Amino acid sequence: FLPSAIILLLVVGVIEGLSSHSHRFVIEWAWANERRASALLRDLRDRQGELNRTVAALTEATRRLQRMGYELALARIHADELRRLKARFASNVSHELRTPLALILGFSEMMYLTPDVYGDMEWPNTLRRDVRLLYQNSRQLLALVDDVLDLSRIDGGEMPISSQESDLGAVIRESLDIVEGLTKGRNVELKASLPDILPPISFDQTRIREVLINLL
């Protein structure tokens, strides 16, 4: 009986030892899993925060893009309206100036080309020169008024060029005559060193004359 009791006690002790070891193993395993779960939860919260910040940034960027698109649409509408106003202004100014300029040009042309209609008299050279300058400047000014209408075509890249075979020397001398009046009373002298005969070339007289006058 005694040996059996001892064996039984040993078996019970072994079982309790194994049970205690199993409990400790289970507790440690559960504790490790809890730590890993906590770490995963913290990482998840960090990623959720980053995701929220990214969503907020995208929302702000979308809002700014929408606002920029709205402002761009308004700017395009304003630009179109300004182009229409400019074209209307150019047309009105051109028509308002054309009538008096045509009248001045008509009288100056008659005085310069047919002075005999005013009677049989000798015109002083200075008067004839001034009438010639008046006639030339009237022609130039009327051509510039016509160009005002072309301003509305510049935006569309349709600036008209009227090219024809002409004498460049005559245009240069005419430009010098037009600006000669600006030198009166000043210590300035305009001279043109040009050959007597230049070969005719094809160009826009009005545009070249404008360039020369602006340069002079």
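Residues numbered from 1 in each chain as written. Predicted model: local features only at pLDDT ≥ 70, side-chain atom pairs only at ≥ 80, totals over all residues. Heavy atoms only, no water.

Section: the overall build of the protein chain
Move 1: A count of helices and strands for the protein chain gives 4 helices and 2 strands.
Move 2: Tracing the protein chain from N to C terminus, the helices and strands come up as α-α-β-α-β-α.
Move 3: Split into buried and exposed, the 216 residues of the protein chain put 18% on the buried side.
Move 4: Taking the contacts inside the protein chain whose residues are at least 6 apart along the sequence as the reference set, 77% of them involve residues at least 24 apart.
Move 5: Accessible surface computed for the protein chain: about 16,700 Å², of which carbon and sulfur atoms make up 62%. (Helix = DSSP H or I, 4+ residues; strand = E, 2+ residues; numbered from the N terminus. Buried < 20%, exposed > 50% of the residue type's maximum accessible area, 1.4 Å probe, protein only. Contact = heavy atoms within 4.5 Å. Areas by Shrake-Rupley, 256 points an atom, 1.4 Å probe, with all protein chains shown as cover.)

Digging into helix H4 (residues 205–215)
Move 1: Among the residues making up H4, those that are buried are Thr206, Arg207, Arg209 and Glu210. All buried residues of H4 fall inside an arc of 165 degrees around its axis, so they share one side.
Move 2: Put simply, Asp204 is the residue that caps the front of H4, since its side-chain oxygen is 3.3 Å from the backbone nitrogen of Arg207. (Arc of directions from axis to C-beta. Polar contact = N/O pair within 3.5 Å; in protein donor to acceptor, adjacent residues only side chain to side chain.)

Examining the pattern of salt bridges
Move 1: Applying the stated rule across the entire model yields 8 salt bridges.
Move 2: A salt bridge links Asp177 to Arg132, with the shortest nitrogen-to-oxygen separation between them at 2.9 Å. Separated by 45 residues along the polypeptide, Asp177 in helix H3 (residues 168–180) and Arg132 in helix H2 (residues 125–154) bring together distant segments of the chain.
Move 3: Across the salt bridge formed by Arg209 and Glu174, the nearest N and O atoms sit 3.6 Å from each other. (Salt bridge = Lys/Arg side-chain N within 4 Å of Asp/Glu carboxyl O.)

Looking at H3
Move 1: End to end, H3 covers 18 Å across 13 residues, agreeing with the expected 18 Å (1.5 Å per residue, within 8%).
Move 2: Those residues of H3 that fall on the buried side of the exposure criterion are Gly169, Val171, Ile172, Glu174, Ser175, Leu176, Asp177, Ile178 and Val179.
Move 3: Its side-chain oxygen at 3.1 Å from the backbone nitrogen of Gly169, Asp167 defines the N-terminal cap of H3. (Expected span 1.5 Å × (residues − 1).)

Some words on the environment of Gly169
Move 1: Looking at the secondary structure, you find Gly169 in helix H3.
Move 2: On the accessibility criterion, Gly169 (1% relative accessible area) is buried.
Move 3: Along the backbone, Gly169 and Leu198 are 29 residues apart, and their C-alpha atoms lie at a distance of 6.4 Å.
Move 4: In contact with Gly169, not counting residues within four places along its chain, are Leu194 and Leu198.

Examining the nonpolar core
Move 1: Listed in full, the 5 residues of the largest apolar core are Leu101, Leu105, Tyr135, Leu142 and Val145.
Move 2: Elements with a contribution of two residues or more to this core: helix H1 (2–113) and H2.
Move 3: Sort the elements by how many residues they give to this core and H2 lands first, with 3 residues.
Move 4: Ignoring any residue separated from it by four or fewer positions in sequence, one finds Leu101 in contact with Leu141, Leu142 and Val145. (Core = buried A, V, L, I, M, F, W, Y, C linked by side-chain atoms within 4.5 Å.)

Considering the packing of H3 against H4
Any two packed helices are characterised by how steeply their axes cross, that is the angle between the axes, and by the distance between the axes.
Move 1: Their axes nearest at 9 Å, the elements H3 and H4 cross at an angle of 45 degrees. The angle between H3 and H4 places the two elements in the oblique class. The interaxial crossing formed by H3 with H4 has right-handed handedness. Taken together, the residues of H4 that come into contact with H3 (itself represented by Leu168, Val171, Ile172, Glu174, Ser175, Ile178 and Val179) are Gln205, Ile208, Arg209, Leu212 and Ile213.
Move 2: Looking at the contact of H3 with H4, its residues break down into 8 nonpolar, 2 polar and 2 charged. (Axes fitted to C-alpha atoms, helices over the stretch in contact; angles between N-to-C directions. Parallel < 35°, antiparallel > 145°, perpendicular 65-115°, else oblique. Left-handed = near helix turned anticlockwise from the far one by under 90°. Nonpolar A, V, L, I, M, F, W, Y, C, P; charged D, E, K, R; others polar.)

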